[in-house]
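Next come the chains, spelled out residue by residue.
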Amino acid sequence: VQLQASGGGLVQPGGSLRLSCLASGSIFSRSIMGWYRQAPGKQRELVATATSGGSTNYAESVKGRFTISRDNAGNTVYLQMNSLKPEDTAVYYCNAKRYLTPRYDYWGQGTQVTVSS
């Protein structure tokens, strides 16, 4: 299983970015797909998750600004990030997990998002 994240970069405060994560293998439809982030000197934290049934969950800090979506046919999960703030600067990681048997928890390689003027 591979999770290939892309779309990070440098953006000014107030700007937008869209992250993509392509999942290889056959796990996508059975997985809760999520985005997490880790800023320097901080622990990795949840940003947003989306189930195959369409339920979503967001960190309070990104509600109203970020949107997670899934393309189940294309095995891809997206994170649309609007109104970006300097505190959104972090490495963003794609995640695929399943709590039911067979359980798993896969991580992508991370993509850097820097919000700075």
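Up top you'll find the structure we're talking about.
Summarised in this report is the structure supplied together with it.

Rules used in this analysis
Residues numbered from 1 in each chain as written. Predicted model: local features only at pLDDT ≥ 70, side-chain atom pairs only at ≥ 80, totals over all residues. Heavy atoms only, no water. Pairing = 2+ DSSP bridges. Helix = DSSP H or I, 4+ residues; strand = E, 2+ residues; numbered from the N terminus. Axes fitted to C-alpha atoms, helices over the stretch in contact; angles between N-to-C directions. Salt bridge = Lys/Arg side-chain N within 4 Å of Asp/Glu carboxyl O. Buried < 20%, exposed > 50% of the residue type's maximum accessible area, 1.4 Å probe, protein only. Disulfide = S-S within 2.5 Å.

So, the sheet that holds strand β3 (residues 17-23)
Taking strand neighbours across the sheet as the criterion, the 4 strands line up as β1-β3-β8-β7 in an open arrangement whose pairing is antiparallel. The sheet terminates laterally at β1 (3-6) and β7 (66-71), the two strands that pair on one side only. Each strand of the sheet is rotated relative to its neighbour by a mean of 15°, with strand direction disregarded. As defined by bridge partners, β7 adjoins strand β8 (residues 76-81) across 6 bridges and the pair is classed as antiparallel. Its bridge partner lying in β8, F66 is registered against M81.

Things to note about the pattern of salt bridges
Applying the stated criterion to the full structure yields 5 salt bridges. Across the pair E60 and K63 runs a salt bridge, and its minimum N-O distance is 2.8 Å. With relative accessibility at 62%, the residue E60 sits in the exposed group. Notably, a salt bridge pairs D88 with R65, separated by 2.7 Å at the nearest N-O pair. With D88 in the loop between β8 and β9 (90-98) and R65 in the loop between β6 (56-58) and β7, this pair connects stretches of sequence that are 23 residues apart. We classify R65 as buried; its relative accessible area is 11%. Taken together, the salt bridges that share partners define one network made up of R37, E45, R65 and D88.

Comments concerning the state of the cysteines
Inspection of the entire model under this criterion finds 1 disulfide. For C21, the disulfide goes to C94, at an S-S distance of 2.1 Å. For the disulfide bridge between C21 and C94, the dihedral angle about the S-S bond is near -85°, and by the sign convention the bridge is left-handed. Here the residue C21 occupies a position in strand β3, and C94 occupies one in strand β9, the gap between them amounting to 73 residues. Like C94, C21 is buried.

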